[in-house]
Amino acid sequence: MTNTSPLRLQPLEDRRKKLGHSVEHASHYLPAQGPIGVFIHHNTLHAFQHLPFEQAVGEASEVYGTEPFLREEAYRDHLKTKRIQVEDVEAILDRETSAAILPGRLDRRTLRKKLLLAPYRRFEPATIQWRIEETDLLQKTRSGADGEISARFKSGSRQDEAAGLRELFEACQTMFEEKPPASQPVTRPHDGFLQKTGIDLDEIIHPLLIRLCGAFLDQGMAYWPMPNRQQGFLRCVRALLSQPGAIYSEHLEELAVEFRRQAGTGMDAEAIVLSILDRFGAPEAEWERIIRAELLALPGWAGMMHRLEQEPELTPHQRVPCSLLDFLAVRLTMEIAAASSVGKANGISNLAQWRHVATPAKNRLGERLAQAARLFDVFQILGFSAADIYSFEAILRQRLVDEIQAFSDLERRRILHLAYERRHELEILQPLSRHRQTALAAAVTERPSAQVFFCIDEREESIRRHLEEVAPDVETHSAAGFFGVAMHYTGIDDAHGVPLCPVVVKPQHAVNEQPVEEHKHLHEARRSRRKLLSRAVRGLSISSRSLLRGWASTAGFGLLSIVPLAARVLAPRHYGRVRKALQQRFLPQPRTELDFIRDAQAQLPLEKLLQGFTTQEKIDRVAGVLGPAGLREGFARIVVILGHGSTSLNNPHESAHDCGACGGRRGGPNGRIFAAMANRPEVREGLVERGIRIPGDTWFVGGYHDTCNDDVDLYDVECVPNSHRPDLDHIRTRLNRARSLDAMERARRFEAAAKDDSPEAALRHVQERAEHLAEPRPEYGHATNAVCIVGRRKLTRGLFLDRRAFLVSYDATLDSGDRGLAQLLGAVIPVCGGISLEYYFSYVDNEGYGCGTKLPHNITGLIGVMNGHASDLRTGLPLQMVEVHEPVRILFLVETTPERVKRVIAANPGLSELVDNRWVRLATLDPETGEVHVRRDEGFEKLAGGIEELPSVAASVDWFRGKLQHLPMARIAGYAQV
């Protein structure tokens, strides 16, 4: 009889808890990216966010083998072009703690400045000996920080000079003690077997594991779905691979036996992982390290399993029961089977032997020579000869060497990066401070002809500026693109609803689009035709994946497909227009309305969504946008609420260009429902109690701006009163002109665009890019983001910001309790900070943190991209989205005082983590005095440096025309203030 007493079960329970704890901790290091159709920008190094930024990127580079900053050569190029200036380096060094190295002769600040500003050579241990013997490495003199050759080596004959250099190098070699060879323990079984046998276990298991993951997570691409998917990844794979003849891979012949043994004993994922860890001889103290290494061997697939386990609703079509522990169990099962096979072939009977294998010692001679060569260069920069070195006391000589070694590659790049960001900081804050002196002087003299709310997205900065240029009587404002309406939205053609709100928010309300009563018959006809069309398209698609129908469809439709393919490539814009026209002809669009009204008494259980909003909920949402923006009175007759998104062809990362505040989806419905709410009489009555008075002749109109093709659509225009038609036509005309100018500004960065095109030609160009089948850069997305300005529009109106600034409407003078500021920063800093950090990391290491170039990308299962037909899922951003980016941490400039913003930050732990650990930068602009303060460590300091006069041009076009690079701020002289 089996003893099931608690005393016997307790150790197993403890081991299971320990395992769960280890897996949970290891999972934090996995990518948090979900399916590519709902790409949400986030901090790539979220697992390290509790650490200060500079420390975090250094530790992450050790874990992932990635770059923490730009390479030093890139920063030195910026020094040459004055993007980084000497005063920036000096200012950063002044903030660092200095110490005497050679009393009266050299301190840490001086040493570091000389090394940063002098030419730099990199020495690799593997090649240093060859360079010494075969090149003139030791015969070359080095320039000092002042560009002059040290007099120690300049005088005398060439022979004396060479002898002095040789003596110096020999002195440098004596600076290091000879240490015994050191070895490093291996991390996981893969490393030990690779060292002992030369066989890579990952190359054995990854091809099969990748195919299994792709088939399990597939969202409709496969002709035959993977059987038994609803049982979970482990059971599904076990049932599939336990069958005789299912595996033909070398070194995996024991895998079927292993799976059958697990099934026969009823082992679950936890039991399997514990068993295999024991068979590999892994002690509990090393579980977390081993598990993390195993998961990071395929971080993309492991991360996707983990994300869909946490949020299964992210799957585009079919939910499957994902489990990171299932993935780990399958991976380790494959690894133990491969290790057993490899071990038998190489005489390894004890699989735990991998732990007793150490990686070979590094090239100690090469390392010592490389260190000596580095000292050789440094001593020349400092002007020290061999005699000088020998004259120093031993303790001083060791202190000097320690300081030089402490100023490592990582430390040099850290200083240079901070200098790089300082120059950006000055180029943003000083012009803004200068512009403010005149910006607030202009007063509003008349009622604006229209007001337009945009998303805070930095891509909307340019169209706002152009709209105000062509229509000085128009005001623009901004708010997060979901406009405070978190909802689960189902469009008229949608199979299921989607959340339109930030990912950190769970919508409680459902909103459906439905046809108006008189168009219901049209909707039924459209639905029938859509079903007919979808069956035909699916039939053609499916036929290509089967043997007989694939041959027949290729023979029958292959030649016919040449015509649309050629049209797509040769005339994409015209092809797109014809396709849309035919679609509208075949699928007539009925007039629709939103079902968003709910009686206050109609409550549903908490686990269900509430259909629509009550009057009080509508009031809260409208006030939550208008109040913080400072728009409490002075409304125009027409107020447009523009959501945004992006539409492009053959672009797997399309959703990365959509509205992040709408969960990586298009925000048109949010603008539409906000306008509908604000038009309700009962809502306006309730707003009066909040101090917001909307005149009876003000009408709100929802709309949508496509940031890729620059289309602007307005919704429900048939509901606009006849008395407001001229006002509506006026703003429509101005928006059309503004979007053409916006397209022109965007096109300046596209090398394929003609530099002297008219706005109309530029608009045609961006529309063509959106429809082009082979265009890898339909738009650059957030690649220009660098700053977020939270304040009144008057601060930035009439200022060219180069599409680099998130603009958040906020009036501190109407927010005495800072409630509006807390609400705004609570959303804006995580969202904009996440966008900035993802672009930063995808730029500094596009292969490690990004997903490389788009050219080899292949969509798999509608959930992500791989390189070619089988690879890990690539996470992060592709090269074509970040190549024009400037990798700086985003700078938040908030129009308030340091004391007020400190209270808001301190009251929000999430904001404190980002700000205190320097993942974002923060500055304030006093709404009364205009003084700018920059956050340094724990406090704020007044902005240093003089304020120069801003360059001035008649129009934005005059400033950006024909230029590819990032441009500094400029005042638009012909810009009328309202």
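1. Details of the nonpolar core
Grouped burial of nonpolar side chains is what soluble globular proteins tend to show.
Inference 1: Membership of the largest hydrophobic core comes to 158 residues, with the highest contact counts inside it found for Phe-379, Phe-453, Leu-825 and Phe-841.
Inference 2: Looking at which element gives the most residues to this core, the answer is helix α31 (residues 819-844), with twelve residues.
Inference 3: The next biggest cluster of nonpolar side chains, apart from the first, holds 69 residues, and it includes Ile-247, Ala-329, Leu-351 and Trp-354.

2. Some thoughts on the packing of helix α14 (residues 287-296) against helix α16 (residues 324-345)
Inference 1: Packing of α14 against α16 leaves a shortest axis separation of 11 Å and a crossing angle of 90 degrees. Classed by the angle they form, the pair α14 and α16 counts as roughly perpendicular. On α16, the residues touching Ile-291, Glu-294 and Leu-295 of α14 are Leu-324, Phe-327, Leu-328, Arg-331, Leu-332 and Glu-335.
Inference 2: Residues of the contact of α14 with α16, tallied by class, amount to six nonpolar, no polar and three charged.

3. Observations concerning the confidence of the model for the protein chain
Inference 1: Per-residue pLDDT for the protein chain averages 89, and the proportion of residues at 70 or more is 92%.
Inference 2: The low-confidence segment residues 1-9, where pLDDT is below 50, has two contacts with residues more than four positions distant or belonging to other chains.
Inference 3: This model gives residues 141-153 a pLDDT under 50, and the stretch forms 32 contacts once residues within four places in sequence are excluded.

4. So, the pattern of salt bridges
Side chains bearing opposite charge may pair, as long as their charged atoms lie close to each other.
Inference 1: The full count for this structure, using the stated rule, is 80 salt bridges.
Inference 2: Between Glu-771 and Arg-579 there is a salt bridge, with the nearest N and O atoms lying 3.0 Å from each other. Of this pair, Glu-771 sits in helix α30 (residues 759-771) while Arg-579 sits in helix α25 (residues 572-586); the two residues are 192 residues apart in sequence, bridging distant segments of the chain.
Inference 3: The buried category is assigned to Glu-771, whose relative accessible area is 13%.
Inference 4: Take Arg-579: its relative accessible area is 32%, and that puts it in the partly exposed class.
Inference 5: By sharing partners, the salt bridges in this structure join Glu-67, Arg-71, Glu-72, Glu-73, Arg-76, Arg-122, Asp-409, Arg-412 and Arg-413 into a single network.

5. Re the sheet that holds strand β6 (residues 474-479)
Inference 1: Strand order across the open sheet formed by five strands is β6-β5-β12-β13-β14, with mixed pairing between neighbours. Edge positions in the sheet fall to β6 and β14 (712-714), since each has one partner strand and no second. If you compare each strand with its neighbour and ignore which way they point, the axes differ by 25 degrees on average.
Inference 2: The pairing of strand β5 (residues 450-455) with strand β12 (residues 638-645) spans three bridges and is classified as parallel. Residue Phe-453 lies in a different strand from β12, and its bridge partner there is Ile-641.
Inference 3: Seen against the sheet, helix α29 (residues 725-747) touches β5, β6, β12, β13 (699-706) and β14 and runs at an angle of roughly 35 degrees to β12.

6. Observations concerning the packing of aromatic side chains
The way to describe two aromatic rings as a pair is by their centre distance and the angle between their planes.
Inference 1: Following the criterion strictly, the structure yields 19 aromatic pairs and no others.
Inference 2: With 5.3 Å between their ring centres and 85 degrees between their planes, Phe-53 and Trp-919 make a pair best called edge-to-face. In this pair, Phe-53 sits in helix α2 (residues 53-64) while Trp-919 sits in the loop between α34 (909-916) and β21 (921-925), placing the two residues 866 residues apart along the sequence. By the burial criterion, Phe-53 is buried, and Trp-919 matches it.
Inference 3: Ring plane angle 40 degrees and centroid distance 6.3 Å describe the contact between Phe-379 and Phe-384, whose orientation is recorded as tilted. With respect to class, Phe-379 is no different from Phe-384; both count as buried.
Inference 4: Ring pairs connect the aromatic residues Tyr-29, Phe-48, Phe-53, Tyr-64, Phe-69, Tyr-840, Phe-841, Tyr-849 and Trp-919, which therefore count as one cluster.
Inference 5: Above the plane of the ring of Phe-586 lies Arg-529, whose end atom (NZ or CZ) is 5.6 Å from the centre.
Inference 6: The ring of Tyr-715 has Arg-672 sitting right over it, with the charged end atom 5.9 Å from the ring centre.

Analysis parameters
- Here the residue numbers are simple positions, counted from 1 along each chain's written sequence.
- The predicted origin of the model limits local features to residues at a pLDDT of at least 70 and limits the giving and counting of side-chain atom pairs to 80 or more, whereas totals for whole chains, interfaces and linings rest on all residues.
- Derived side-chain values reflect all non-hydrogen atoms in the structure, with water molecules and hydrogen atoms excluded from consideration.
- Here, nonpolar core means buried Ala, Val, Leu, Ile, Met, Phe, Trp, Tyr and Cys residues that are tied together by side-chain atoms lying within 4.5 Å of each other.
- Exposure is judged per residue with a 1.4 Å probe applied to protein chains only, and the accessible area is read against the type maximum: over 50% gives exposed, under 20% gives buried, and values in between give partly exposed.
- Secondary structure elements follow DSSP: runs of H or I no shorter than four residues count as helices, runs of E no shorter than two count as strands, and numbering proceeds from the N terminus.
- Structural elements are reduced to axes, namely lines fitted to C-alpha atoms, with helices fitted over the stretch in contact, and the angle between N-to-C directions of any two is expressed from 0 to 180 degrees.
- Roughly parallel means an angle under 35 degrees; roughly antiparallel, over 145; roughly perpendicular, 65 to 115; everything else is oblique.
- Only heavy atoms enter the contact rule, under which two residues are in contact if any of them lie within 4.5 Å.
- In this classification, Asp, Glu, Lys and Arg are treated as charged, Ala, Val, Leu, Ile, Met, Phe, Trp, Tyr, Cys and Pro as nonpolar, and every other residue, Gly included, as polar.
- Looking at any residue, its pLDDT shows the predictor's confidence there, from 0 to 100.
- A side-chain nitrogen of Lys or Arg and a carboxyl oxygen of Asp or Glu constitute a salt bridge if their distance falls within 4 Å.
- When DSSP locates at least two bridges between a pair of strands, those strands are taken to pair.
- Ring pairs shown here join Phe, Tyr and Trp side chains whose ring centres sit within 6.5 Å, with only the six-membered ring taken for Trp; geometry is labelled stacked below 30 degrees between planes, edge-to-face above 60, and tilted in between.
- Geometrically, a lysine NZ or arginine CZ counts as sitting over a ring once it is within 6 Å of the ring centre and also within 35 degrees of the ring normal.

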